[in-house]
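# Fold and contact review
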Amino acid sequence: MNRKTFINNSGRLILLGGLVYLTGSIIFKRKVSASGKYVWQIDPFKCMQCGRCSTQCVREISAVKCVHAYQLCGYCDLCGGYFKPNTHKLNTGAESQLCPTGALKRKYVEEPFFEYKIDEKLCNACGKCVKGCGSFGNGSLQLQIRHDLCQNCNECSIARMCPTNAISRVPIEAAYQIKGDFKNPALTNPK
Amino acid sequence: MKWLKIILFLLPLLLAFSDLEAQQRFPKPEFHTKYTQPTPTTPEPRGVGMEFVDVLVLLVVLSLTSWFAIKKRSRNGILLLTVFSAIYFGFYRNGCICSVGSVQNVALAFADPKYVISLYALLFFLLPLIFSLFFGRVFCGAACPLGAIQDLLIYKPITIPAWLRKTLGFIPYLYLGLAVLYAATGTEFIICRYDPFIGIYRMNGPHLMIYLGIAFLLMGLFIARPYCRFFCPFGAILNVFSRFSRRHLSVFPTKCIQCKLCTTACPFEAIDFPDEEKTKPDTKSNTRRFILYMALIPVLMLAGSWIGSKSHVFLSKAHPDVYLAELLISHPELKTDSKNIDIQTFLASGKSLETLVAEAQVIRDKFYTGSWILGAFLGLVIGLMAMNQIIFRRREDYQANKGNCYSCGRCLDYCPVE
Amino acid sequence: MQDTQDNIKLFGNLITVSGIFCLAVALLLLINYWHIRQTKPLETEALKSLVQQFQADPESEALKKDIRSLDLLARKAFFTSQWQIKAGALLLLFGAIAFATCLRIYHTMKARILEPLIDGVDSKVTRMLSQRWILITGGLLLGSALVVSFLTTDYLKIYEETGTVVQAPAEPAVKVAVVDKDEKTGRQKTEDGGQEDGKTVVGDAGALVIPAKAGTSPLSSAGVLVTPAKAGAPSLNTDFRNNHPSFRGPWGQGISYHTGIPVDWDGPTEKNIKWKVALTKKGNNSPVIWSDKLFIAGADNESEVVYCFNRLDGKLLWEQDAKDIPGSPAVPPKVTADTGLSAPSVTTDGQQVYAIFATGDILALDMEGKRIWAKSLGVPDNHYGHSSSLICWKDKVIIQFDTNKGGRLLALNSLTGEISWDTPRKAKISWSSPIMAEIDGKLQIITTSSPTVAGYDFDSGAQLWAIDCLSGEVGPSAAFADGLVYAANEYARLAAIKPGPTPVIVWESDEYLPEAASLAVSNGLLFIATSYGMFACYDSKTGKKQWEKEYGQGFYGSPMIAEGKVYVMDRSGAMHIFKVDRTLTSLGDPILGEKSVVTPAFADGAIYLKGEKSLFGIETIRQQKK
């Protein structure tokens, strides 16, 4: 019985020592962020709108949504993000809309400016409008991970498949990176 | 640069802007009507404080389970905690981060100096292990959401032959080894990717994940807790740790009266029966076998590490960079395939194939180290598991097997001893 | 007791019912999911073809109506299926909860004590069986891993052993060819008796190139560059001075060392126009000259071509396509018409000529047009089109590769095309070209971009200094003279920078700023040509404006300095020639008769201009006689 207890105790001590070593080596040699939380973020400067955000997210409808940086928007009449290429008449009919779910809404402001707003409930992160806006306009439409929807998976399943590695883990304080605020140099300079 | 003509036309207007704003292709208009510009919506993520609430809840659940299992001897208490865990960690917290997956975060933090692990992920990894060293696998008993959902849906458990159980018990170690290897090399988190129950807890997810979950649950109606017993990599660690636990749930409170009532109580067949006289081994031949195994284990480890080092090539193909590099070398014609997004992005990035191959080679070298360690580990596990079958421990009572018992407390109600 | 029995039965039935319910819902969900996957309502071919038809016939109301109704249907299908999945999941959850609850109650109520297992299993047999199976499984696993490992191919190893697919086999041949070429061109030039051209001892490529006629070539002091490693301070050699080897002349400094440049010509009447050749492919690049050969490039959607003309008579000597380059995109990237697919100028070191296109394809040809190497750098992410010109020196070709993905400065080995160094830079996309200059005894590459103006070590690519002073979309290249670097961009500023470990802005100005034209400095004077037609002269030391002159046409081509004169051509093709002087002295405004956006190239007694449609060789009569 004594022998058994001894083996038991020393085994426990060894395993405990192993745990202490593992934790210690992580804490002292590497970095542990005590108060930090990390969330997933898309770098809009790297994003190339391949469309995988809409198919790879663990959610049936992706947690990635198109976000509109109004500060950057030119309020163009002919919006590359709203209209299909070669659109004949600039109206809101289904034949001219690029968005497959009709999530991008167009509203008249004043001659000749239009406001474009995203109905995030409908957005499925296909990125078509982002690509359209980026190639012809200012690039004010951007894909971002929405943290009210994101499950903050241990490993983002979109990040795994992202061809440009645009998705990375960032500290919670800077959860969003939306280009467009040119007063803030951190958001205008690609990393 | 056509638009520049427009800008030249608007030059006086533009000069009024700061030079930074001139970077826009189409300048923001100055509205004459009353128009307030909306701001982009950015819902905040869940705060850090809440993560520590999770740690606290885990701590409380673990402590309560230990108390219910060892002191209070209450199956109902543990059952309530199980339901609570399924609701809190499962349906409310959506199963992320869980202790099972945290193994990978720890492995990556240990291997990759650049990866920063958050403290609560580390605590989620450590707490169940520390508890298992003192009170057995109380984490599996009630705190684990993956275990909870299976535990609640056991219908008619069947008996699995011991030899099959023990052989299948090898899978968790293999899974653990691969998960650590892939996490440490920064390839992917396979435990999370193939987690069967997250999709169910979230009621949302890739359909394959949900099918896998449903399949496991259906299987679980008849084979109690199949994921826990035959797949869970964290369970493999807990199994080892729990064997050395200081205190552990006991089937009987004071003394076993050999009534055999508990023999059918455990759906996981984790109750060891006392040895019968006729099964006692021949000491001489057993000693010989033991010595044989002591010699065999190093051989197995060596063989394992050699095979592991040989296997690093195919194991590393799971890494996206290695995969891409090899694809470009083996199928150069794919470069013209405009549908292949990965290849087209790589070509557009301007990175040369040499650089990519060099990077892939670095990853493959990491895999070389990792694979031979994995091979040696698996050799050791095979050796120890086999040797364990000839080591004979004297048992007189019906008692829970410290390695396999989940501390679910079912057997407690079966014991007539007060 | 009867009650309990009934209850047990009841809950047993409930279990069955809820279980069947769950199964049925799960099955329905499965079918629904499979259905969505199959049909993909948001991406129907029918809708796509309707839209195409509509684009062909935009007035058709019927088509419009069809599209709208089909689109509505598709969206309805999509959102209904989403709703179904959600509802199904909830139903399934409630079913499962009911199932689990019934299960609990059933188990609690059912007589707990079953018949105990009286007879334990024969554990000795079981143990032996377990032991055997564990060993068998383990062995099988390791064995199959071994088999698989022998069956897999290590492509990385294959790649590393056989080396680079395209270049490796060609490499030795290239070396020989280069040496041959060196001898040939050297001989050719001596036979031509072209002044000092005989000394074709180019210091580049280091030890690889053995000067064939070193004995017969009297080297001027500037030409002693055969052992660059020992020479210490590098400087521009006579070979480069006597030619026009890259955009804006030797080292891209905007200064030509030629004499007897014509100041008077007239395109429409062909006065002093020695020859004129129609261009076949578009390209906003500027001509480059080595000895008697003049190089330009052109590209359209079909092909990218490098042309070599005899500069004495305008005859096309050869043309070479940039085709079959691995990694080159099947379709050229979208570029704007005023940038084009071939905006970067070619460059030459007298042995080879290098060209880059908007596709990211770069190629090296020998002086006879034979391809030495070619590679793709990947399509530059550039919304106008890549336009930074190449520059070469010794054994390296320098590429400023600033795209929307970030900035890079690359040096390729001129003999093999392999990357010598690749420096990532803190820079946004730019359209300017690198220049080279010797600063503090070190040969540097100076680049402008947003926001950084920086100097890089020629040998290692290391950044030596950098200062953030520009913004916007930077097109103008830098200039260097008397220890100061000049950089400017429209809407940003003009800055004179003293380079060093901590660069200092000596003076700055924002009165006149260029958009595309680069700066030129000579004799203490700095020249600026803006895109809205202003040409101005500043004191390069103090920044004080000396004089200005406005034209109706803007300047895209850069000013060039030659023989104490500054040449600048506006977009209508009118050349404006001034004396490099503190007072405005116009020396003539000859016209080309064609629009032009390029920078002239010079040779002794000649100037070469490229218009929208034609290439012009201009010599005055005096020079022609010689």
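### Let's talk about the overall build of chain A
The helix and strand tally for chain A stands at five helices and seven strands. If you list the helices and strands of chain A from N to C, you get α-β-β-α-β-β-β-α-β-α-β-α. In chain A, buried positions account for 58% of the 191 residues. A fraction of 70% describes how many contacts in chain A between residues 6 or more apart in sequence connect residues 24 or more apart. Carbon and sulfur atoms make up 60% of the accessible area of chain A, which amounts to about 8,500 Å² in all.

### Looking at the nonpolar core
In this structure, B:Phe197 and B:Phe234 are the most contacted members of the largest nonpolar core, which totals 139 residues. Examining the composition of this core, we find that 13 residues originate from one element, helix 19 (residues 353–388) of chain B, more than from any other. Sequence-distant contacts of B:Phe234, that is, excluding residues within four places in its chain, are made with B:Ser99, B:Val100, B:Val103, B:Phe125, B:Pro128, B:Leu129 and B:Phe139. Listed in part, the 35 residues of the second largest apolar core include C:Trp318, C:Phe357, C:Leu363 and C:Met367.

### Points about the sheet that holds strand 23 (residues 520–522) of chain C
Residue and element names in this part refer to chain C. One open sheet holds the four strands; their spatial order is 23-24-25-26, and the pairing between them is antiparallel. Two strands lie at the open edges of the sheet, namely strand 23 and strand 26 (545–550), each paired on one side alone. Taking the axes of each pair of neighbouring strands and ignoring which way they run, one obtains an average angle of 15 degrees across the sheet. Across five bridges, the pairing between strand 25 (residues 534–539) and strand 26 is antiparallel. The partner of Met 534 across the bridge, within strand 26, is Glu 550.

### A word on the interface of chain B and chain C
Facing the 83 residues of chain B at the interface are 75 residues of chain C. Regarding the contact of chain B and chain C, the summed buried area is about 7,200 Å², with carbon and sulfur atoms giving 67% of it. Run the count over chain B and chain C and you get one salt bridge. Among the salt bridges present, the one from C:Asp154 reaches B:Arg364, with a minimum N-O distance of 2.4 Å. It is helix 19 of chain B that provides the largest number of residues to the side of chain B that touches chain C, a total of eleven residues.

### Quick look at the interface of chain B and chain A
Taken residue by residue, the interface counts 74 residues in chain B and 69 residues in chain A. Buried area between chain B and chain A, both sides added, is near 6,100 Å², and the carbon and sulfur share of it is 59%. A per-residue breakdown of the area chain B buries against chain A is headed by B:Phe110, B:Val116 and B:Phe244, which together make up 10% of the total. Run the count over chain B and chain A and you get three salt bridges. Among the salt bridges present, the one from A:Arg52 reaches B:Asp342, with a minimum N-O distance of 2.9 Å. Across the chain B-chain A interface, the total number found is 21 residue pairs in polar contact (both at pLDDT 80 or more).

### With respect to unusual backbone geometry
One can expect most non-glycine residues to show negative phi and most peptide bonds to be in trans. Residues A:Glu111 and A:Pro112 are joined by a peptide bond in cis, for which omega reads -5 degrees. Within the fold, A:Pro112 resides in the loop between strand 4 (104–110) and strand 5 (113–118). Following C:Ser450, the chain continues into C:Pro451 via a peptide bond in cis, with omega recorded as 5 degrees. Within the secondary structure, C:Pro451 is located in the loop between strand 16 (442–448) and strand 17 (452–457). In the Ramachandran plot, B:Arg225 falls in the positive-phi region, its phi being about 45 degrees despite a non-glycine side chain. Located in the positive-phi region is B:Glu269, a residue other than glycine, with phi close to 50 degrees. As for its placement among the helices and strands, B:Glu269 is situated in the loop between helix 15 (233–243) and strand 2 (271–272).

### A word on the packing of aromatic side chains
Throughout the structure, instances matching the rule amount to 50 aromatic pairs over all chains. Between B:Phe125 and B:Phe234 the ring centres are 6.3 Å apart and the planes differ by 50 degrees, which places this aromatic pair in the tilted class. Within this pair, whereas B:Phe125 is found in helix 6 (residues 119–135), its partner B:Phe234 is found in helix 15, the two being separated by 109 residues in sequence. You can call B:Phe125 buried: its relative accessible area is 5%. Considering the side-chain rings of C:Tyr567 and C:Phe602, the 5.3 Å spacing of their centres and the 70 degrees angle between planes classify their relative orientation as edge-to-face. One end of the pair, C:Tyr567, is in strand 28 (residues 565–569); the other, C:Phe602, is in strand 31 (residues 601–603), and 35 residues separate them in sequence. A residue is classified by how much of its surface remains accessible, and C:Tyr567, at 0% relative accessible area, is buried. Here the aromatic cluster, defined as three or more aromatic residues joined through ring pairs, consists of C:Phe527, C:Phe535, C:Trp547, C:Tyr551, C:Phe555 and C:Phe578. Looking at A:Arg106, its charged tip hangs above the ring of A:Phe114, at a distance of 3.7 Å from the centre. In this structure, C:Arg241 is placed above the aromatic ring of C:Tyr257, and the distance from its NZ or CZ to the ring centre is 4.6 Å.

### Some details on the state of the cysteines
Taken as a whole and assessed by the stated rule, the structure comprises zero disulfides over all chains. The closest cysteine sulfur to the non-disulfide-bonded B:Cys408 is located on B:Cys266, 5.9 Å from its own sulfur.

### Focus on helix 10 (residues 171–184) of chain B
All names here are of chain B. When the terminal C-alpha atoms of helix 10 are compared, their 20 Å separation across 14 residues agrees well with the 20 Å that a helix rising 1.5 Å per residue should span. The complete set of buried residues in helix 10 reads Pro 172, Tyr 173, Tyr 175, Leu 176, Gly 177, Ala 179, Leu 181, Tyr 182 and Ala 183. Gly 186 sits one or two positions beyond helix 10 and adopts a positive phi of about 70 degrees.

### Here's the deal with the packing of helix 3 (residues 48–72) of chain B against helix 6 of chain B
All names here are of chain B. Direction vectors running N to C along helix 3 and helix 6 enclose 10 degrees, while the axes themselves pass 10 Å from each other. Judged by the inter-axis angle, helix 3 sits roughly parallel to helix 6. Seen from helix 3, the contacting residues are Glu 51, Phe 52, Asp 54, Val 55, Leu 58, Leu 59, Leu 62, Ser 63, Ser 66 and Ile 70; seen from helix 6, they are Leu 119, Tyr 120, Leu 123, Phe 124, Leu 127, Pro 128, Phe 131 and Phe 135. A class-by-class count of the residues in the contact of helix 3 with helix 6 yields 14 nonpolar, two polar and two charged.

### Looking at the confidence of the model for chain A
Across chain A, the average pLDDT comes to 86, with 93% of residues at 70 or higher. Confidence drops under a pLDDT of 50 for residues 182–191 of chain A, and excluding neighbours within four residues, the segment shows 19 contacts in the predicted structure.

### Thoughts on the pattern of salt bridges
Under the counting rule described, the total for this entry stands at 43 salt bridges over all chains. Of the charged contacts in the structure, one is a salt bridge between B:Arg93 and B:Glu51, with a shortest N-O distance of 3.7 Å. Residue B:Arg93 is found in the loop between helix 4 (75–92) and helix 5 (99–111), and its partner B:Glu51 is found in helix 3; the two are separated by 42 residues along the sequence. Across this residue pair, the class does not change: B:Arg93 and B:Glu51 are buried. The salt bridge involving C:Asp482 is made with C:Lys541; its shortest N-O contact spans 3.8 Å. Note that C:Asp482 is positioned in the loop between strand 19 (479–481) and strand 20 (484–488) and C:Lys541 in the loop between strand 25 and strand 26, a separation of 59 residues in sequence. C:Asp482 gets classed as exposed once you look at its relative accessible area, which sits at 54%. Residue class for C:Lys541 comes out partly exposed when judged on its relative accessible area of 46%.

Cut-off values and rules
- Every residue gets a number counted from 1 within its own chain, in the order that chain's sequence is written.
- Here every chain gets a letter starting at A, and every ligand a number starting at 1, in the order they are written.
- It should be noted that, the model being predicted, local features are given only for residues of pLDDT at least 70 and side-chain atom pairs only at 80 or more, the latter also being counted only at that level, while totals for whole chains, interfaces and linings use all residues.
- As a rule here, side-chain values cover all heavy atoms of the structure and leave hydrogens and water aside.
- Helix and strand assignments come from DSSP, with helices taken as H or I runs of at least 4 residues and strands as E runs of at least 2, each series counted from the N terminus.
- Summary of the burial criterion: residues with accessible area below 20% of their type's maximum are buried, those above 50% are exposed, and those between are partly exposed, where the area comes from a 1.4 Å probe applied to protein chains only.
- Any two residues whose heavy atoms approach within 4.5 Å at even a single point are treated as in contact.
- Accessible areas in this description were obtained via Shrake-Rupley with a 1.4 Å probe; residue shielding takes into account the shown protein chains only.
- Only buried Ala, Val, Leu, Ile, Met, Phe, Trp, Tyr and Cys residues count toward a nonpolar core, and they belong to the same one when joined by side-chain atoms within 4.5 Å.
- Two strands pair if DSSP finds at least two bridges between them.
- Every angle, taken between N-to-C directions, lies between 0 and 180 degrees, and every axis is a line fitted to C-alpha atoms, over only the stretch in contact when it is a helix.
- Once two parts are brought into contact, the accessible area they lose, counted with a 1.4 Å probe and summed over both, makes up the buried area.
- For this analysis, a salt bridge means a side-chain nitrogen from Lys or Arg found within 4 Å of a carboxyl oxygen belonging to Asp or Glu.
- Two N or O atoms count as a polar contact when they lie within 3.5 Å, although within protein this holds only if one can serve as hydrogen donor and the other as acceptor, and sequence-adjacent residues are included solely when both atoms are side-chain atoms.
- Working definition: a ring pair exists when centres of Phe, Tyr or Trp rings (six-membered ring for Trp) sit within 6.5 Å. Plane angles under 30 degrees give stacked, over 60 give edge-to-face, the rest tilted.
- Ring-over charges, as used throughout, are those where CZ of Arg or NZ of Lys falls within 6 Å of the ring centre and within 35 degrees of the ring normal.
- Two cysteine sulfur atoms make up a disulfide if the distance between them is within 2.5 Å.
- Helices are assigned an expected span. That span is 1.5 Å times one less than the residue count.
- Our angle categories are set so that under 35 degrees counts as roughly parallel, over 145 as roughly antiparallel, 65 to 115 as roughly perpendicular, and the remainder as oblique.
- Here the term charged refers only to Asp, Glu, Lys and Arg, the term nonpolar to Ala, Val, Leu, Ile, Met, Phe, Trp, Tyr, Cys and Pro, and the term polar to all other amino acids, Gly among them.
- Per-residue confidence from the predictor is reported as pLDDT, a score between 0 and 100.

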